[in-house]
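A look at the structure
What follows is the residue order along each chain.
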Amino acid sequence: MVQAQASEHRTERRSSRARIVSPAVLVVDDVEANLVSLEALLEGMGCEVVLARSGNAALRELLHRDFAVMLLDVQMPEMDGYEVARYVSQDPATREVPIVFLTAMHEDPASVLRGYTSGAVDFLFKPVNPAIVRSKVRVFLELYRGRRQVEESRLALEQSHAELADAYQNLAATQSQLVQSAKMASLGELVAGVAHEINNPLAFVKSHLHTARRSLGLIDGGVRPGLDPAALQHWERAQNRLSEMGLGIERMTDLVVRLRTFSRLDEGEVKTVSVRECVESVLTISRHRLGERIRVTTEYGEPDLLECYPGLLNQALMNLVSNAIDAIEGEGVVTIRTGGGRGQYRISVADTGLGIPEALRHRVCEPFFTTKPPGQGTGLGLSITYSIVKKHQGTLDIDDNPGGGTLFTIRIPERVEKEGGEA
Ligand SMILES: Nc1ncnc2c1ncn2[C@@H]1O[C@H](COP(=O)(O)OP(=O)(O)O)[C@@H](O)[C@H]1O
Ligand SMILES: [Mg+2]
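Residues numbered from 1 in each chain as written. Chains lettered and ligands numbered in written order. Predicted model: local features only at pLDDT ≥ 70, side-chain atom pairs only at ≥ 80, totals over all residues. Heavy atoms only, no water.

In this section: the site of ligand 1. Taken together, 18 residues surround ligand 1, and among them Thr370, Thr371, Lys372, Thr378 and Leu382 come closest. Protein contact buries 93% of the 540 Å² of open area that ligand 1 shows by itself. Elements supplying a minimum of two residues to the shell around ligand 1: α8 (310–327), α9 (381–391) and β13 (406–413). Partitioned by chemical class, the residues of the shell around ligand 1 number 7 nonpolar, 9 polar and 2 charged. (Near = heavy atom within 4 Å. Areas by Shrake-Rupley, 256 points an atom, 1.4 Å probe, with all protein chains shown as cover. Helix = DSSP H or I, 4+ residues; strand = E, 2+ residues; numbered from the N terminus. Nonpolar A, V, L, I, M, F, W, Y, C, P; charged D, E, K, R; others polar.)

One pair of aromatic rings is described through two measures. These are the centre distance and the angle between the planes. Enumeration according to the criterion identifies 3 aromatic pairs in this entry. Summarising the aromatic geometry, the rings of Phe101 and Phe123 are spaced 5.5 Å apart at their centres and angled 40° between planes, so their arrangement reads as tilted. Of this pair, Phe101 sits in strand β5 (residues 99–103) while Phe123 sits in strand β6 (residues 120–125); the two residues are 22 residues apart in sequence, bridging distant segments of the chain. Relative accessible area serves as the criterion here: at 5%, Phe123 is assigned to the buried category. Ring plane angle 15° and centroid distance 6.0 Å describe the contact between Phe123 and Phe125, whose orientation is recorded as stacked. Taken together, the ring pairs in this structure connect Tyr82, Phe101, Phe123 and Phe125 into an aromatic cluster. One residue, Arg65, lies across the ring of Phe67, its end atom 5.7 Å from the ring centre. Cation over ring: Arg86 sits above Tyr87, and NZ or CZ is 5.9 Å from the ring centre. (Phe/Tyr/Trp six-rings, centres within 6.5 Å; stacked < 30°, edge-to-face > 60°. Buried < 20%, exposed > 50% of the residue type's maximum accessible area, 1.4 Å probe, protein only. Lys NZ or Arg CZ within 6 Å of the ring centre and 35° of its normal.)

Let's shift gears to the pattern of salt bridges. This model, assessed by the stated rule, comprises 18 salt bridges. Note that Lys126 and Asp29 form a salt bridge whose closest N and O atoms lie 3.3 Å from each other. Residue Lys126 is found in the loop between β6 and α5 (130–223), and its partner Asp29 is found in the loop between β2 (24–28) and α1 (32–41); the two are separated by 97 residues along the sequence. Both residues of the pair, Lys126 and Asp29, belong to the buried class. Between Asp326 and Arg289 there is a salt bridge whose closest N-O contact spans 2.5 Å. Of the two residues, Asp326 sits in helix α8 while Arg289 sits in helix α7 (residues 275–290), which places them 37 residues apart along the sequence. (Salt bridge = Lys/Arg side-chain N within 4 Å of Asp/Glu carboxyl O.)

Function cannot be inferred from these measures alone, as they are strictly geometric.
This is how it looks when you write it as structure tokens:
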């Protein structure tokens, strides 16, 4: 069973904004005394100082976090500073970390050149001058903060761009739903108008027919004996036709009632209505599409009366019935079942049509999702149905119909909470 979910999931994009963390400086030296003095020197600069006693230890630290600058001793046993620099500048994860070499070799142009080619951006010569170290480190810290801010703004921009795109998509979907609802509402108005226009002439035809039949009945006894067999035949045929007209008029009256039920223009209000009447009115409106090829069976359970937004519920049923008709190629059956119990009301529409592949079920309620050719499907029917069911605080489930085809089930509370909170 798939419980339909509409577009709200689309907006569940996770925020991936980077946070500005306090910058860190990595100091790499194999001589403990140098580490201690550099750490003391960098105190109070607003940065964390991380100490590494070998090239390997430095590479391990670099795996774990980002550094604003690395102060790297050149002469170290095992892995010297140049080798560390080479690793750092080759790895995409670390190559942005600026390297400042600490070297005792005064003004040795060859080693300075080697340092630069292995990835250094600067040199500090031992014994270090505290003022120079602090001012260089300060520059790198500022650079780092600037870089993080640029990155932060880029992510924020990306995030708001994504939010804007989502909002735009929601807006477009809502707008189309509104247009479609407006169409359904104007269909309701049209139906109401037609029902009203038919109703007036129908009322007087009905009343005149009644008068004509009663008048003929009153003179029947006096007229019959004087008629020859041919005239009597005409007299009886006329009376038969009048009673058949009566049946036709009954059907038209019934139709007008159903049209009126369908077109409820009171959709803003919660009302208690007969579910059977709602379903029958929807079937009346769909009669021309059902034709001879689709048989409809209805199983109306108890209770028949339901508190709901009747105009909206009719729209939802209309969409389900209309999809069921579309899904049946050739002959088939649409089965509608209604009924409540234990606080929940269920209305199901099953068809013997094509069915919905499992993989598509979670998508069919998305606005604009359609598998029908352009011009035939808008992809809005189920998304509107879903919104209507939500408005009733209910659920819309999609299952395989045991007889083949699809089974849609609307479940709503027997008492709908009115919007605004009161029961
Ligand atoms: N009863 C059904 N049987 C098979 N497929 C269905 C049924 N109801 C809906 N669908 C599928 O869901 C899609 C979306 O339905 P809907 O939102 O009403 O839009 P539309 O009918 O305009 O395509 C349909 O195109 C169809 O693929
Ligand atoms: Mg549809």
